[in-house]
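The lines below spell out each chain.
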Amino acid sequence: MKKNLIYLLFSAVLFCTALTACSEDELSATSVVRPSITEQNDFDRWLDRNYVQTYNIKFKYRFEDIESSMGYYLTPAKYEQSIAMAKLIRHMCLEVYDELTGSTEFIRNYFPKILYLVGSYAYKTNGSVVLGTAEAGAKITFYNLDNLVPKEVNAKTSYFKTTHHEFAHILNQTKPYPTDFTEISGPKYVQDQCFEIYKTEDQAQQDGFISRYASKSDGEDFVELISLYVNRTAEEWESMLKTAGSTGRATIEAKFEIVYNYMSNSWDIDLNKMREIVLRRAAEAPDLDFDSLDDETDAPENSGTNE
Ligand SMILES: [Zn+2]
């Protein structure tokens, strides 16, 4: 009898759940919490053509609490800054891979599906600043859009280095790198103390890390080697290795060889060719047309030549 009652109760619960699910479906059409329908502006239409249709990427510049970390006080990115950023990310990051691989498929297949812009910095409790975050390979958030000066960007501007850094994490998650890499600096990784133990980049380099952040873990080390290599000229890279001294240089070079071979063997990407493309595109970037939302005038070589 008791057993039957339990079964009865259980079916009642199931039934209620089913009912709730149905009624929720019906209610949703008039729900007061449904997202407000925003009217499409010219930028939305540009994004639809150049991000959604081309790459299947959603470029979110309107502020949505649901996309933001509630642990920070954040403000939205400005409209003009968002347009400039959309053009810069495309020119300095997405099209780099298009050019390397010969099609937009690489980005379509592997790049995060959501890019989200925030106007302000995000400060951590220890005072450090978050430049960008990547979540489960699905989304990259860019902070500090307020401080973007489109006409002054270069290969080292943090947003673009961050993009290559985060994208490299995704590539690593898709195809893991050899464990030989991890063994080189093995016990030296310092996790969250990277900025406390190494006060300067030079100190980290002398200890065999290309940057202070690279000393955090093998995963960060790997993608720092990629993102810093491609945004520096051969001379600048050499001068970092000089700073590292003989021990630091040997360690960095041993790790970089694994990184280079991994990118080449696993992804058919030659990091020397990638560097050439990144540097060329970064030099072109300040001359992009940041005002027009016409597709035809976006390419820098067209600026000033239209009749
Ligand atoms: Zn990282």
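The name an unreviewed UniProt entry assigns to the protein chain is Substrate import-associated zinc metallohydrolase lipoprotein, from the organism Alistipes timonensis JC136.

**Focus: the overall build of the protein chain**
Scanning the protein chain from terminus to terminus reveals 11 helices and 6 strands. Across the 307 residues that make up the protein chain, the buried fraction comes to 44%. Once local pairs closer than 6 in sequence are excluded, the contacts in the protein chain between residues at least 24 apart make up 72%. In the form shown here, the protein chain has an accessible surface area of approximately 16,500 Å², with 54% of it arising from carbon and sulfur atoms.

**Some thoughts on empty space enclosed by the protein**
Gaps left between atoms are located by rolling a probe of water-molecule size over the structure's atoms. All told, the structure shown has 1 cavity of 30 Å³ or more when counted by the stated rule. Around the largest cavity sit M92, A155, F160, K161, H164, N231 and V278, which together line it. Sort the elements by how many residues they give to the lining of the largest cavity and helix α5 (residues 158-174) lands first, with 3 residues.

**Observations regarding the sheet that holds strand β5 (residues 132-135)**
Taken in spatial order, the 4 strands make up an open sheet running β1-β2-β6-β5, and their pairing is mixed. What marks the edges here is a single partner per strand, and that holds for β1 (58-60) and β5. Taken pair by pair, the neighbouring strands of this sheet meet at an average axis angle of 15°, ignoring direction. Judged from the 4 bridges that link them, strand β2 (residues 114-117) and strand β6 (residues 139-142) form a sheet pairing that is parallel. Residue pairing for β6: L115 is matched across the bridge by I140.

**Digging into the packing of helix α9 (residues 218-230) against helix α11 (residues 271-284)**
Direction vectors running N to C along α9 and α11 enclose 50°, while the axes themselves pass 8 Å from each other. What the angle tells us is that α9 and α11 run oblique. On α11, the residues touching I226, Y229 and V230 of α9 are L271, N272, M274, R275, V278 and L279. Residue composition of the contact of α9 with α11, grouped by class: 7 nonpolar, 1 polar and 1 charged.

**A closer look at the coordination of the zinc ion**
Coordination of the zinc ion by the protein is provided by H165 (NE2), H169 (NE2), E220 (OE) and E220 (OE), with metal-donor distances spanning 2.0 to 2.8 Å. Around the zinc ion, the 4 donor atoms sit at angles spanning 51 to 139°, and that spread fits a shape best called irregular. Counting the intervening residues between successive donors of the zinc ion yields the motif H-x3-H-x50-E. With H165 and H169 both in helix α5 and 4 residues apart, this pair spans about one turn of that helix.

Thresholds, definitions, all that
Residue numbers run consecutively from 1 along every chain, following the written order of its sequence. Given that this is a predicted model, residues contribute local features only at a pLDDT of at least 70 and side-chain atom pairs are listed and counted only at 80 or more, while totals for whole chains, interfaces and linings are drawn from all residues. Water and hydrogen atoms play no part in the side-chain values, which are based on all heavy atoms of the structure. Elements are defined by DSSP. Helices are runs of H or I of four residues or more, strands are runs of E of two residues or more, and each kind is numbered from the N terminus. The cut-offs for exposure are 20% and 50% of the maximum accessible area for each residue type, with area from a 1.4 Å probe on protein chains only; residues under the lower value are buried, those over the upper are exposed, and the others partly exposed. Throughout, a contact is declared for two residues whenever any of their heavy atoms are within 4.5 Å. In these tables, accessible area is a Shrake-Rupley quantity obtained with a 1.4 Å probe, and a residue counts as shielded only by the protein chains included in the view. As defined here, a cavity is a set of points on a 1 Å grid over the protein atoms alone where a 1.4 Å probe fits but cannot get out. A pocket is an open set with protein on both sides within 12 Å along at least five of seven lines, and residues line them when an atom is within 4 Å of a point. Grid points are joined across faces, edges and corners, and a volume is the space filled by probe spheres set on the points. Only strands joined by at least two bridges in the DSSP assignment are considered to pair. To obtain each axis, a line is fitted to C-alpha atoms, and for helices this fit is confined to the stretch in contact; angles are then taken between N-to-C directions over 0 to 180 degrees. An angle below 35 degrees is treated as roughly parallel, one above 145 as roughly antiparallel, one from 65 to 115 as roughly perpendicular, and anything else as oblique. Each residue receives one of three labels: charged for Asp, Glu, Lys and Arg, nonpolar for Ala, Val, Leu, Ile, Met, Phe, Trp, Tyr, Cys and Pro, and polar for the others, Gly being one of them. Excluding water, the donors of a metal are its N, O and S neighbours within 2.8 Å, or within 3.2 Å for Na, K and Ca, and that exclusion means sites may look incomplete. Under this scheme a four-donor centre is tetrahedral when all angles range from 85 to 135 degrees, a four-donor centre is square planar and a six-donor centre octahedral when opposite donors are above 155 degrees with the rest from 65 to 115, and any other centre is irregular.

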